[in-house]
Amino acid sequence: MAKDLYAIGEVPPVGEVPPKMYANLVRPENYNEAEPGKAFTVEVVETPPVGRNQVLVSVMAAGINYNNVWAAKGIPIDVTKVQGSIGQPTEWHIGGSDASGVVYAIGENVTNVEVGDEVVVHCGWFDPEDPQIQAGVDPGFTPSFKIWGYETNWGSFGQFCMAYAHQCLPKAPNLTWEEAAAPTLVGGTAYRMLMGWSPNVVRDGDPVLVWGGSGGLGTMAIQIVTHFGGRAVAVVSSDEKGQYCKKLGAVGYINRKNFSHWGVPPHWTKTEEWGEWFQGAKAFGKAFWEALGEKASPKIVFEHPGEDTIPTSIFMAESGGMVVICAGTTGYSATADLRYLWMRQKRLQGSHFANDEQAAAFNQLVIDGHVNPCMGEVFAFDKIGDAHQLMGDNKHGEGNMVALVGAKTSGTKDAPS
Ligand SMILES: NC(=O)c1ccc[n+]([C@@H]2O[C@H](COP(=O)([O-])OP(=O)(O)OC[C@H]3O[C@@H](n4cnc5c(N)ncnc54)[C@H](OP(=O)(O)O)[C@@H]3O)[C@@H](O)[C@H]2O)c1
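Residues numbered from 1 in each chain as written. Predicted model: local features only at pLDDT ≥ 70, side-chain atom pairs only at ≥ 80, totals over all residues. Heavy atoms only, no water.

Caption draft 1: How the structure looks around the environment of Ser-319. Topologically, Ser-319 is positioned in the loop between helix H9 (310–316) and strand E14 (322–325). C-alpha of Ser-319 to C-alpha of Ala-283: the two residues are 36 residues apart in sequence and 19 Å apart in space. (Helix = DSSP H or I, 4+ residues; strand = E, 2+ residues; numbered from the N terminus.)

Caption draft 2: View of the packing of helix H5 (residues 184–195) against helix H11 (residues 356–367). The N-to-C vectors of H5 and H11 enclose an angle of 115°; their axes lie 9 Å apart at closest approach. Here H5 is positioned roughly perpendicular relative to H11, judged by the angle of their axes. Handedness of the crossing formed by H5 with H11: right-handed. Contacts between H5 and H11 involve Thr-184, Gly-187, Gly-188, Tyr-191 and Arg-192 on the former and, on the latter, Gln-358, Ala-361, Phe-362 and Leu-365. Across the contact of H5 with H11, the residue classes break down as four nonpolar, four polar and one charged. (Axes fitted to C-alpha atoms, helices over the stretch in contact; angles between N-to-C directions. Parallel < 35°, antiparallel > 145°, perpendicular 65-115°, else oblique. Left-handed = near helix turned anticlockwise from the far one by under 90°. Contact = heavy atoms within 4.5 Å. Nonpolar A, V, L, I, M, F, W, Y, C, P; charged D, E, K, R; others polar.)

Caption draft 3: Local environment of the site of the ligand. Among the 27 residues in the neighbourhood of the ligand, the closest are listed as Gly-216, Ser-237, Arg-256, Thr-329 and Phe-353. Here His-352 contributes a side-chain N or O atom positioned 2.9 Å from a nitrogen atom of the ligand. His-396 places a polar side-chain atom, nitrogen or oxygen, 2.8 Å from an oxygen atom of the ligand. Isolated, the ligand exposes 900 Å² of accessible area, and the fraction of that covered by the protein chains is 91%. Sorting the residues of the shell around the ligand by element identifies helix H1 (67–73), H5 and helix H6 (216–227) as the ones contributing at least two each. (Near = heavy atom within 4 Å. Polar contact = N/O pair within 3.5 Å; in protein donor to acceptor, adjacent residues only side chain to side chain. Areas by Shrake-Rupley, 256 points an atom, 1.4 Å probe, with all protein chains shown as cover.)

Caption draft 4: Up close: the pattern of salt bridges. Taken as a whole, this structure holds 10 salt bridges when the rule is applied. Between Glu-10 and Lys-3 there is a salt bridge, with its nearest N and O atoms 2.6 Å apart. For Lys-3, a relative accessible area of 35% translates into the label partly exposed. Between Lys-286 and Glu-290 there is a salt bridge whose closest N-O contact spans 3.8 Å. Remark: Glu-290 and Lys-286 occur in helix H8 (residues 271–292); sequence separation between them is four residues, near one turn of the helix. By relative accessible area, Glu-290 is classed as exposed at 58%. (Salt bridge = Lys/Arg side-chain N within 4 Å of Asp/Glu carboxyl O. Buried < 20%, exposed > 50% of the residue type's maximum accessible area, 1.4 Å probe, protein only.)

Caption draft 5: The packing of aromatic side chains, seen in detail. A complete count under the given rule lists 13 aromatic pairs for this structure. Aromatic pair Phe-278 and Phe-315: ring centres 5.4 Å apart, planes at 80°, arrangement edge-to-face. In this pair, Phe-278 sits in helix H8 while Phe-315 sits in helix H9, placing the two residues 37 residues apart along the sequence. The burial state of Phe-278 is the same as that of Phe-315; both residues are buried. Taken together, a centroid distance of 5.3 Å and an interplanar angle of 80° make the contact between Phe-315 and Tyr-340 edge-to-face. With a gap of 25 residues between them, Phe-315 in helix H9 and Tyr-340 in helix H10 (residues 338–343) connect regions that are remote in the sequence. Accessibility assignment for this pair places Phe-315 and Tyr-340 in one class, buried. The ring of Trp-177 is capped by Lys-171, whose NZ or CZ atom sits 4.9 Å from the centre of that ring. Stacked on the ring of Trp-274, the Lys or Arg Arg-339 has its end atom at 5.2 Å from the ring centre. (Phe/Tyr/Trp six-rings, centres within 6.5 Å; stacked < 30°, edge-to-face > 60°. Lys NZ or Arg CZ within 6 Å of the ring centre and 35° of its normal.)

Caption draft 6: Unusual backbone geometry, seen in detail. Looking along the chain, the bond that leaves Ile-75 and enters Pro-76 is cis, with omega of -5°. Relative to the helices and strands, Pro-76 is located in the loop between H1 and helix H2 (79–85). Here the amide bond leading from Ser-198 into Pro-199 is cis, since omega sits at 5°, within 30 degrees of zero. With respect to the secondary-structure elements, Pro-199 resides in the loop between H5 and strand E10 (207–210). Of note in the backbone geometry, Cys-374 takes a positive phi value of approximately 50° without being a glycine.

Caption draft 7: Representation of the nonpolar core. One finds Ile-64, Ile-94, Trp-148, Leu-194, Ile-222 and Phe-302 to be the most contacted residues of the largest nonpolar core, which totals 102 residues. In terms of residues, this core owes the most to one element, strand E3 (residues 54–63), which gives seven residues. Dropping the residues within four chain positions of it, Ile-64 is found in contact with Phe-157, Ile-384, Ala-387, His-388, Met-391, Met-401, Val-402 and Ala-403. (Core = buried A, V, L, I, M, F, W, Y, C linked by side-chain atoms within 4.5 Å.)

Caption draft 8: Geometry of the sheet that holds strand E15 (residues 347–350). Strand order in the open sheet formed by six strands is E12-E11-E10-E13-E14-E15, and the pairing between neighbours is parallel. Edge strands, defined here as strands with exactly one partner in the open sheet, are strand E12 (252–255) and E15. Adjacent strand axes in the sheet meet at a mean angle of 20°, parallel and antiparallel pairs treated alike. In this structure, E10 lies alongside strand E13 (residues 300–303), joined through three bridges in parallel fashion. Pairing of Leu-209 across the sheet is with Val-301, part of E13. The strands that helix H7 (residues 239–248) touches are strand E11 (231–236) and E12; relative to E12, the one it contacts most, it runs at about 160°. (Pairing = 2+ DSSP bridges.)

Quick look at the structure:
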């Protein structure tokens, strides 16, 4: 008999959508800058409605990403305000930008998926009826583009998530639910950063510097670089993490704890202090050559720490090379010594998730077994806050953390019937 509400780990028959669901959500009054993990609470809410180009997916597992650390802190933006701007509820935020699950309902215009399909959901939310997108503009450059489960409500930290149908990609059949939920956000982002900014894309033999090599983005970047014939050198904070990166394909690693020239460099007019900073940056450059096994600079620097590292990244990049950045985890004040940019004609490129084609190209690498999802620790649904706290404190292990939602236990690929 149909129920109004199912327990976590209990999945209704395919196509049956209960009116209520559990969600592990964040309310604005609970935003917590110091302890973002404490902002999450498990509550019962109404199952979301589905628009004509949208789908409802029964979530089996949800990937944990850094974006909901920001959401739970309430900085740099109040995400519920963005939700309100697209007509979604603002009392709470159901985050979660990675899902594996089964399609349970589709809108009237949807043709790319059917009820019962096993999918992963990528986080590139945009309205396919946006005239600019229909005219061929990259969705990422248009106002309707949002990061699903960060800037939108009804992400994967609920029993059902609501997304545009174009966000659905086939789930790799060989992966468990939690493995499948791990890599899509970070992988799609890394794919666009490394393959989306022609002519600065990974080519055979290219040295590439990857910050945070053992983290979500870094693990994907190393594998994508390696797949396209490049040579990744990872930056990490321990030798253990460095060895993990080498197993993923990195040709070497640098332990950033051996250096101290981080943060905003002294002003160039303060010759002595600036000189000290420069010695640090040069020593780091030498460490890159040693890790690579050749005196060559990175053609691409894969950036996301931001404020602490961007001056070094810009210094390090090869002439004509690119620093590509998608975040400022350590801060947003990017100091660039412009001499290196113009004299050596380097490119500083911003990048933000991916379009449908890039997300699909990344997903194919996973399906074909070229990219391991690098699943990290698996959490129970009610521990989603703990996972975000660990991430915010940089105390999480290697790879991508995941929470079980509809999947009762780890290790299962079983579909609901
Ligand atoms: N715009 C987008 O589309 C997009 C997409 C994905 C992620 N992001 C953002 O990118 C950032 C990273 O995400 P992620 O999933 O890779 O997170 P993650 O799994 O936590 O990995 C980040 C890595 O950064 C390294 N790190 C921490 N502090 C550092 C510092 N001071 N200097 C250098 N490295 C440092 C850490 O490695 P070590 O301690 O070993 O060095 C950590 O493993 C987050 O801010 C996230 O919101 C943006």
